[in-house]
Amino acid sequence: MADSDLETVVVGGGAAGVAAGKRLHRAGVKCLIVEARPRLGGRAWTFVDRSGFAIDLGCGWLHSADRNPWVAVAEQQGKTINKTPPPWRRPSLPLGFPVGAQRDFLRSQEEFFARVSERARIEPDVAAAELLAPDDRWNNLINAVATYISGAELDRISARDFDNFDDTGVNWRIVEGYGATISGCGENLPVALDCPVSRIDHTGKRLKIETSRGVINADQVIVTVPSAILGESDQLFVPSLPDKIKAAQNLPLGLADKLFLSLEQPEQFEKDTRLFGATDRTGTATYHLRPFGRPQIEVYFGGRLAADLETRGDIAFFDFAVTELTGLLGSEFAKRVKPIRIHRWGVDPFARGSYSYALPGTADCRAALAAPVDDRLFFAGEACSRGDFSTAHGGWITGVAAAEQVLCVRGRMHDRGKFKSQPLNVIGHRDGGG
Ligand SMILES: Cc1cc2nc3c(=O)[nH]c(=O)nc-3n(C[C@H](O)[C@H](O)[C@H](O)COP(=O)(O)OP(=O)(O)OC[C@H]3O[C@@H](n4cnc5c(N)ncnc54)[C@H](O)[C@@H]3O)c2cc1C
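A brief report on the enclosed structure follows. (Residues numbered from 1 in each chain as written. Predicted model: local features only at pLDDT ≥ 70, side-chain atom pairs only at ≥ 80, totals over all residues. Heavy atoms only, no water.)

## Observations regarding empty space enclosed by the protein
Point 1. Throughout the structure, instances matching the rule amount to two cavities of 30 Å³ or more.
Point 2. Estimates place the volume of the largest cavity at around 130 Å³.
Point 3. Lining the largest cavity are 14 residues, with D56, G60, R173, F292 and E298 positioned closest to its centre.
Point 4. Going through the elements one at a time, β5 (54–56), β8 (172–174), β16 (256–263) and β19 (296–302) are the ones with two or more residues in the lining of the largest cavity.
Point 5. At three residues, β5 tops the list of elements feeding residues into the lining of the largest cavity.
Point 6. Its residues placed into classes, the lining of the largest cavity shows seven nonpolar, two polar and five charged.
Point 7. Here the second largest cavity is characterised by a volume of approximately 60 Å³.
Point 8. Taken together, 14 residues form the lining of the second largest cavity, with V225, S227, L369, A380 and G381 sitting closest to its centre. (1 Å grid on protein atoms, 1.4 Å probe; cavity = no way out; pocket = protein on both sides within 12 Å on 5 of 7 lines; lining within 4 Å. Points joined across faces, edges and corners; volume = space filled by probe spheres on them. Helix = DSSP H or I, 4+ residues; strand = E, 2+ residues; numbered from the N terminus. Nonpolar A, V, L, I, M, F, W, Y, C, P; charged D, E, K, R; others polar.)

This is the structure we're talking about:
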């Protein structure tokens, strides 16, 4: 690949990069997805366990499924969509959390969300934690749920950005895996794997993209690396782009990690139900029992708890889960669970976290992150989305939007005779996936 010459390079082959590459490829643009990992998908990653179950270590839920473009992609790939309502939309098991207390908690949480929405319209933006009702007994659990939603506690999160999240409340899953669907979507695209990009030099007439396998010359680049990585990369662009790096720093990645456990005698529990490890503290995990009816438990850890456990290794997650589960179900329960797999996203060098949130006062940074530079550096990825941030469909939407911007610029250049290549297939195409 050394010293290649291309029209457009897409840096990163996650949801956004695959969507952008697909749109460009379909339009006849000579493009290449350059991905640091040995696989496509990024934070979308399906692992098949010994029993043959497809386990999503990253994204698993097709959020806003009634308008999520990955649904059509999965259907075109012949995958199976499971429409069972998610456990968080149903009552939790009453273990340590009686039904009446659950009702109280949901009421408190709804009132908190309403205060956030109201405050979000007023200047200045504040940390969402400021909208917790003083002395509400459910504050710790509301905060724990925030660590699952945002990967961070409410004291770190912009109330306005939190409120901007746009969700239709319809959540489906893909039996064969969300990660497998996203990587499968990139199968026939031009891709260079195992190929980290170290520099994007935009000094000259053409871009020079330095990779571990040589330099690529290109007209445009779409950068889709996670905001946490961009925020640490002040050497990535030459000349540097301090405003872009600042915007990325304001949109760090929160941390959420999933541990999968095998479960003996699963029939004790109803399919797709859940338990909270505790209801009186923020540092607690949530337990999705029998996902898809499988003999498993999917344990979700978020925020500072996940960050702390990551420093102590994979076994710390298992030990924590067993301690919480035996506290609720008795000491014999420890014999019924075994670890299957966890991925620590915070120490993953090509992710550095799970999904983006905005620091208080910085919700506008999503637009700043997404803004093109000089009509040749374009940006995509979940953190660029105003309302679909932190999701894989946010990745798709921003990836296609960046590709459309590239096509628009190339169309204009072509009209001016700047590019001699074949005419572009720009008008009348909407990428429906597949
Ligand atoms: C535990 C967990 C649970 C989640 N649950 C859900 C869920 O249920 N539903 C949902 O919608 N979302 C969920 N998400 C979030 C979702 O996975 C992400 O928002 C989405 O996959 C991000 O896509 P992206 O393309 O923006 O970024 P990424 O997938 O991170 O893609 C960026 C790519 O850039 C590559 N890269 C990094 N540095 C370089 C470099 N220097 N050179 C070249 N390539 C580079 C990375 O390897 C990566 O492949 C979850 C994430 C995690 C971690």
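## Regarding the sheet that holds strand β9 (residues 191–192)
Point 1. The five strands lie next to each other as β9-β3-β2-β13-β22, forming an open sheet whose pairing is parallel. Of all the strands in the sheet, the pair left with one neighbour each is β9 and β22 (377–379).
Point 2. Where strand β2 (residues 8–11) meets strand β3 (residues 31–34), four bridges bridge the pair, whose relative direction is parallel. The residue bridging V11 from the neighbouring strand is V34, located in β3.
Point 3. Set on the sheet, helix α1 (residues 15–26) makes contact with β2, β3 and β13 (220–223); between it and β3 the angle comes to about 170°. (Pairing = 2+ DSSP bridges. Contact = heavy atoms within 4.5 Å. Axes fitted to C-alpha atoms, helices over the stretch in contact; angles between N-to-C directions.)

## Side note on the packing of helix α2 (residues 69–76) against helix α6 (residues 178–185)
Point 1. At a minimum axis distance of 10 Å, the contact between α2 and α6 shows a crossing angle of 80°. When the interaxial angle is binned, α2 and α6 end up roughly perpendicular. Listed contacts from α6 to W70, V73 and A74 of α2 are Y178, T181, I182 and C185.
Point 2. For the contact of α2 with α6, a count of residues per class yields six nonpolar, one polar and no charged. (Parallel < 35°, antiparallel > 145°, perpendicular 65-115°, else oblique.)

## Focus: the site of the ligand
Point 1. Around the ligand sit 37 residues, and of these E35, R43, W61, E382 and A392 come closest.
Point 2. Within the contact set of the ligand, a nitrogen atom lies 3.2 Å away from a backbone nitrogen or oxygen of A36.
Point 3. Between the ligand and E382 there is a distance of 2.9 Å, counted from an oxygen atom to a backbone nitrogen or oxygen.
Point 4. For the ligand, whose unbound accessible area comes to 1,000 Å², protein coverage reaches 97%.
Point 5. Listing elements by their share of the shell around the ligand, those giving two or more residues are α1 and β16.
Point 6. Of the residues belonging to the shell around the ligand, the class tally is 19 nonpolar, 13 polar and five charged. (Near = heavy atom within 4 Å. Polar contact = N/O pair within 3.5 Å; in protein donor to acceptor, adjacent residues only side chain to side chain. Areas by Shrake-Rupley, 256 points an atom, 1.4 Å probe, with all protein chains shown as cover.)

## Concerning unusual backbone geometry
Point 1. A cis amide bond links E123 with the next residue in sequence, P124, at an omega value of -10°.
Point 2. One can find P124 in the loop between α3 (99–120) and α4 (139–149).
Point 3. A cis amide bond links V238 to the next residue, P239, at an omega of -10°.
Point 4. In this fold, P239 is placed in the loop between β14 (237–238) and α8 (242–249).
Point 5. Even without being glycine, D194 reaches a positive phi, approximately 55°.
Point 6. In this structure, D194 sits in the loop between β9 and β10 (197–201).
Point 7. Exposure remark for D194: the relative accessible area of 46% places this residue in the partly exposed category.
Point 8. Despite not being glycine, D272 has its phi angle at roughly 50°, a positive value.
Point 9. One can find D272 in the loop between β16 and β17 (273–276). (Buried < 20%, exposed > 50% of the residue type's maximum accessible area, 1.4 Å probe, protein only.)

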